[in-house]
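Reading the structure
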Amino acid sequence: MLYRRRYVLFVVLLLGFIWFVILPLFSKDDLAITLRQHGQDRHSADGLDTLEGAQPLHSSKRTARNTQVRSPDTGSNAGDDDDLSEIDFPQQPELLPVSSFGKARIAEENAGREGAWIEDTRRRRRRGRTTPSAPVETSKFNRSHQRQVNAPGHKGRMVRVDPQSLSSRDRRIYDSGWRKYSHNEYVNNMISPQRMLPDVRDPGCHSLQYTVDNLEASVVIVIRNEAWMTLLRTIHSVLDRSPANLLKEIILVDDASTFSHLGSQLTKYVSHISKVRVMRLKYHRGASYARQLGASIITGNVIVFLDAHCECTEGWLEPLLSRIAENRSNVAVPVLDIIDADTFSYLAYSASRIRIGGFDWSLAYKWMQMPDHEKRRRSSSIDPIRNPVMWGGIFAISRDFFNHLNGYDQSLNMFGGGQNIEMSFRIWMCGGTIETIPCSHVGHIFHNQVASGEPSFSREVLRNDMALAHMWLDEYKEIHFQKMGIESTPEFNNTADHLAFRKRLKCRSFDWFLRNIYPVLFAPTLALASGKIRSKMKVGSGICIALTDLDTEKKLTMASCQSSDDQNMLWTLSQIGEIRLKNDCLDYPGDYIRVYSCHGGKGNQEWNYHEDGTIQQVGTKRCLSVSASVGRRLTMEKCVASDRQIWYWQRIDGRESATTRKQAIKQELAKAD
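Computed from a predicted structure; not experimentally measured. (Residues numbered from 1 in each chain as written. Predicted model: local features only at pLDDT ≥ 70, side-chain atom pairs only at ≥ 80, totals over all residues. Heavy atoms only, no water.)

**Some points on a nonpolar patch on the surface**
A cluster of nonpolar residues, Phe10, Leu14, Leu15, Phe17 and Ile18, forms a patch on the protein surface that exposes about 480 Å² of accessible area. Its place among the elements puts Ile18 in helix H1 (residues 2-22). (Patch = residues over 30% accessible without salt bridge, like charges linked within 9 Å, V, L, I, M, F, W, Y side chains within 5 Å. Areas by Shrake-Rupley, 256 points an atom, 1.4 Å probe, with all protein chains shown as cover. Salt bridge = Lys/Arg side-chain N within 4 Å of Asp/Glu carboxyl O. Helix = DSSP H or I, 4+ residues; strand = E, 2+ residues; numbered from the N terminus.)

Okay, structure coming up:
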């Protein structure tokens, strides 16, 4: 009896201690976090239903169903070959504010999410967990402003971690993240999946009014062994910064990922978001095949392809859809800003420094500045920019136009790359237009190497490049083969089918593309003049313009045309007016003549070779001259057509034979090497 009284007294004292001492230490919001986290740990509907404002789960059970999708390359049902496993279509109603698409775009709410994420992350780490298993209700949290602005990565700020200061355990985690994902995974996990980003648009973009004509976007994101938090930020940035009436759905296509968090954990996470669907491939088929498959099941009338390591900024979607609404054959590309792979800082390009895509004769993609002819075509810094080649697979395209083009070419090897160049050729030559939209910004993590231990496939790259040359370069394919050191033109099995496809769609030639869309690419077959540039002046056996390659710089000189080493005298006048020797061009900024790396932008490097033999710089209207002094140096003077300004240079007849053309290509590429 005595023990029972002592027990009752102990319980009463314990309850009093909890009521008067422990509970006052917690705010109402802290209790809400604890209750919600308890519900998430159990993965139960009861746990979610205890939250304030949470809606009850749908009464009917969600069932996964097998769906047959027509294979784009064979025309058969992909399901018949077991290429696909389940296609998950979550049927749950919206439970949490993160799925309200647009209502959560207020900056204060986003900042509140970041503060909640910090507290929630701390609690999960104390429990031995590092990633959330379900979306987190955060709009009710009332965190201090100081905590919000100090959130790691807030407003795109960098997060620096000194690996030398980490413990041995954390250093192993740090190094493992770099090896596994080719980015700083340690920092990645410190940043909220719904972090705020700055509005990086040009001020002129804010006053634009967009007309979308009932267009709805279906966003297709291909996943292949992606880091958890980068994937979540991609998804939530689309949800939180896209107007509800413009975003139809998000299709996640899992290309047979091998990481466990992309399995049931991902399915459970997105099951609470009504506009997100998951499609899973049983076998690794490559990004282009996965995009094609995702595009085949969309319900929106515009397809937006994104990578799984992107962050969309405010107002990213409306300009893309508006440009497509103007013309359904327009393909809209956002400005690709940089998310630093180490610090995860957001580095945006201003409207005046936007880069576009190009390639060389090896068909290797390269970034380049906007050429002068494109600058002259545009009337404003926020006007769309014609883009010869897209980078990767981030673009928006009308579903009907995508199907009209037959989508991605599935004959290319999935490991060989080049699908972006092939798709760009397909769009431009078969009736479309590719434009970069300055008012649409999407951040992207540019990995320095292939992550997740994916091997290198140099043989497949060569095969895809040869296929591209056969399919699209027409007579210019000889330049590519010579550039790659291929003496004889290899055969390609699908050439006949591809030519029939081009004929059916009335596609233009590569010559049209080169002259109208990408004139900055130097083509030896389009050269206007070639060989030594000899002065009319009678000096010895004749003097020619030569390039002397010194240790510190390259210098222009006048040298004897009979020199035994004449490789430094073989100049070419390109189709856009460049005077080239290998990759160097004559450049006149207004003070002195020099050589500078060819940039394809004309300007200081644009010249005219007139019928009277004078060589005039277009911008300054001054002529290339030999100085009157004893030194015989190269100068720029007012054009008077004197002997010092007359040059003999072999002009090239554009009607030369194919044999002569091949020889010219070989000589030009030999000089370039």
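**Focus on the environment of Gln575**
Note that Gln575 resides in the loop between strand E18 (571-573) and strand E19 (579-581). When its relative accessible area of 23% is taken as the criterion, Gln575 is described as partly exposed. It is 5.5 Å that separates the C-alpha atoms of Gln575 and Ala527, two residues lying 48 residues apart in sequence. Contacts of Gln575, omitting those with residues within four sequence positions, involve Pro519, Leu521, Phe522, Ala523 and Leu526. A polar contact is formed between the side chain of Gln575 and the backbone oxygen of Pro519, at a distance of 3.4 Å. In terms of polar contacts, Gln575 uses its side chain to reach the backbone carbonyl oxygen of Leu521, at 2.5 Å. (Buried < 20%, exposed > 50% of the residue type's maximum accessible area, 1.4 Å probe, protein only. Contact = heavy atoms within 4.5 Å. Polar contact = N/O pair within 3.5 Å; in protein donor to acceptor, adjacent residues only side chain to side chain.)

**Considering the side chain of Thr267**
By the secondary structure assignment, Thr267 is in helix H9 (residues 264-270). You can call Thr267 buried: its relative accessible area is 16%. A polar side-chain atom of Thr267 sits 2.8 Å from a polar atom in the side chain of Arg280.

**Re the pattern of salt bridges**
Scanning the model with the defined rule gives 21 salt bridges in all. Ionic pairing is found between Arg195 and Glu311, a salt bridge with its closest N-O pair at 2.9 Å. Residue Arg195 is found in the loop between helix H7 (185-188) and strand E2 (217-223), and its partner Glu311 is found in strand E6 (residues 310-312); the two are separated by 116 residues along the sequence. An identical accessibility class is assigned to Arg195 and Glu311; each is buried. Between Arg502 and Asp474 there is a salt bridge, with its nearest N and O atoms 3.0 Å apart.

**Points about the state of the cysteines**
Throughout the structure, instances matching the rule amount to 5 disulfides. Between Cys430 and Cys507 runs a disulfide, and the two sulfur atoms are separated by 2.0 Å. The sign of the S-S torsion, about 100°, decides the handedness of the disulfide formed by Cys430 and Cys507: right-handed. Within this pair, whereas Cys430 is found in the loop between helix H14 (419-429) and strand E13 (433-444), its partner Cys507 is found in the loop between helix H17 (495-504) and helix H18 (510-516), the two being separated by 77 residues in sequence. Judged by relative accessible area, which is 5%, Cys430 ranks as buried. (Disulfide = S-S within 2.5 Å.)

**Examining the pairing of strand E16 (residues 543-549)**
With 5 of 7 residues buried, E16 is to be regarded as a mostly interior element. Of the pairings in the sheet, the one linking E16 to strand E17 (residues 554-560) comprises 7 bridges and is antiparallel in character. Across the sheet, Ala546 pairs through a bridge with Thr557, a residue of E17. (Pairing = 2+ DSSP bridges.)

**Some words on the sheet that holds strand E21 (residues 594-597)**
In spatial order, the strands read E14-E18-E19-E20-E21; together these 5 strands make up an open sheet with antiparallel pairing. Of all the strands in the sheet, the pair left with one neighbour each is strand E14 (529-531) and E21. The average angle at which neighbouring strand axes cross in this sheet is 30°, direction not considered. Examined bridge by bridge, E14 and E18 share 3 bridges and lie antiparallel to one another. By the bridge assignment for E18, Gly531 is matched with Trp571. (Axes fitted to C-alpha atoms, helices over the stretch in contact; angles between N-to-C directions.)

**Quick look at helix H10 (residues 287-295)**
Of all 9 residues that make up H10, 8 are buried, and the element is covered over most of its length. Along H10, the residues classified as buried are Ser288, Tyr289, Ala290, Arg291, Gln292, Leu293, Gly294 and Ala295.

**Section: the confidence of the model for the protein**
On average, residues of the protein carry a pLDDT of 78, and 74% of them reach 70 or more. Segment residues 26-146: pLDDT under 50, and 225 contacts once partners within four positions in sequence are set aside and those in other chains are kept. Under a pLDDT of 50 for its full length, residues 450-456 has, in the predicted model, 11 contacts with residues more than four places off or in other chains. (pLDDT = per-residue confidence, 0-100.)

**Overview of the packing of H14 against helix H15 (residues 458-472)**
Between H14 and H15, whose axes approach to 10 Å, the crossing angle comes to 10°. Here H15 runs roughly parallel to H14, going by the angle between their axes. Packed against H14, whose contacting residues are Gln419, Ile421, Glu422, Phe425, Arg426 and Met429, the element H15 presents Asn464, Leu468, Met471 and Trp472 at the interface. Grouping the constituent residues of the contact of H14 with H15 by class yields 6 nonpolar, 2 polar and 2 charged. (Parallel < 35°, antiparallel > 145°, perpendicular 65-115°, else oblique. Nonpolar A, V, L, I, M, F, W, Y, C, P; charged D, E, K, R; others polar.)

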